[in-house]
Amino acid sequence: MPIITKAVFPVAGFGTRFLPATKAMPKELLPIIDKPIVQYAVEEAVSAGITDLVFVTGRSKRAVEDHFDANVELENQLLAKGRQDLRDMVRNIVPQGVSCIFVRQPEPLGLGHAVLCAAPAIGNNPFVVLLADDLMQGEQSPTAALVAAFGQIRHSILSVSEVTPEEVSKYGILRPGPISAQGVISVAGLVEKPSMDKAPSRLASFGRYAFMPEIFDILRKLKPGAGDEIQLADAIDQLARQGKVAAILNPSMRYDCGDKFGYLSAIVDVALNTPEYRTRFGALLRDRLSRLDPE
């Protein structure tokens, strides 16, 4: 049985970069073809052995709860039309044995505050955090890799990737220490969005984390940081300075679906990797590219 069985999904953001689409619809429900972004994150967590899903929501996020709830009327209508395949798909969005808990973040006070809102549901247990904006695709998911690594070292772990020098100012950047023979990187600190010349490395922390519950104690005492918000990166930095944070390389391809171009890239690559669409969609892309003005 996995040591970590609980996951937190902070889904309370406004999604302003996708307005007006997100005026009435949560950004986490924007589809990659026919599946919402957040469902990919949920499936990633469930495949890693997670059984308790904690969603931290905000105003106008009821649709996220509805998506993961049962819809008996829809299921009966699909059955009446002989579409048991679709009925089963809708019914199995959350597999048997997996529970969903929805917690409200009363004010948008930052990612660290959103994670702290999940504390009553997590209790004194280790847990993972998945940011649905980051879609991960690959043979091994970063959440599965974090859970496996946590089983060995038993303290907080970050999933990290190397970025270009031009990108370091967009992310929390590791101040790395020694690397073990198993590829586990010790973390001396985390610098939030440093300038290129002040970045301690090019290893960026993305939207997958495994935490010991002690992170809550730090978040409770943490003063607002950048943007006058409770920053998760600041809490990680404090924990790292105590020698209680490690990192592993993200084994997956990451798509930043909080960015319009990243979202488009995810749709294209998922379509090309789906047998049902690959041939026709590839032909469509070639046709459209052939029409572009070479200039």
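Preceding this section is the structure that the text describes.
Here goes a summary of the coordinates provided. (Residues numbered from 1 in each chain as written. Predicted model: local features only at pLDDT ≥ 70, side-chain atom pairs only at ≥ 80, totals over all residues. Heavy atoms only, no water.)

**Considering the pairing of strand β9 (residues 172-179)**
This is how the line gets drawn: For two strands to pair, DSSP has to find at least two bridges joining them. Secondary structure elements are taken from DSSP: a helix is a run of H or I of four residues or more, a strand is a run of E of two residues or more, and numbering for both begins at the N terminus.
As paired elements, β9 and strand β10 (residues 185-192) share six bridges and run antiparallel to each other. The partner of isoleucine 179 across the bridge, within β10, is isoleucine 185. By the bridge criterion, two bridges tie β9 to strand β11 (residues 203-211) in an arrangement that is antiparallel. When the bridges of β11 are listed, glycine 172 appears paired with serine 205.

**What about the pairing of strand β8 (residues 156-162)?**
Rule in force here: Only protein chains enter the area calculation, which uses a 1.4 Å probe; residues under 20% of their type maximum are buried, those over 50% are exposed, and those in between are partly exposed.
Burial within β8 is extensive, with six of its seven residues counted as buried. Here β8 pairs with β11 via five bridges, running antiparallel. Within β11, the position partnered with isoleucine 157 by the bridge is alanine 210.

**Focus: the packing of helix α10 (residues 260-272) against helix α11 (residues 275-290)**
Where we set the bar: To define axes, lines are fitted to C-alpha atoms, for helices over the stretch in contact only, and angles between the resulting N-to-C directions are given on a 0 to 180 degree scale. By definition in this entry, angles of less than 35 degrees are roughly parallel, angles greater than 145 are roughly antiparallel, angles of 65 to 115 are roughly perpendicular, and the rest are oblique. Contacts are assigned to residue pairs that have any heavy atoms within 4.5 Å of one another.
Look at α10 against α11: their axes get within 8 Å of each other, and the N-to-C directions meet at 130°. On the basis of their axis angle, the class for α10 and α11 is oblique. Along the contact surface, α10 presents Val268, Ala271 and Leu272, while α11 presents Tyr277, Arg278, Phe281, Gly282 and Leu285.

**Re the environment of threonine 16**
Along the chain, threonine 16 turns up in the loop between β1 (6-10) and β2 (31-32). Judged by relative accessible area, threonine 16 falls into the exposed class, the value being 54%. Here the alpha-carbon distance between threonine 16 and phenylalanine 216, two residues 200 residues apart in the chain, equals 28 Å.

**Thoughts on unusual backbone geometry**
Residues leucine 19 and proline 20 are joined by a peptide bond in cis, for which omega reads 5°. Secondary-structure assignment places proline 20 in the loop between β1 and β2. Here isoleucine 33, not a glycine, exhibits a phi torsion of approximately 65°, which is positive. Tracing the backbone through its elements, the reader meets isoleucine 33 in the loop between β2 and β3 (35-36). Backbone geometry places arginine 154, a non-glycine residue, at a positive phi of 55°. Position of arginine 154 among the secondary structure elements: in the loop between α7 (142-153) and β8.

**What to know about the side chain of threonine 143**
With respect to the element layout, threonine 143 can be found in helix α7. In this view, threonine 143 contacts Glu44, Ala45, Ala48, Val128, Leu130 and Arg208; residues no more than four positions away in its chain are not counted.

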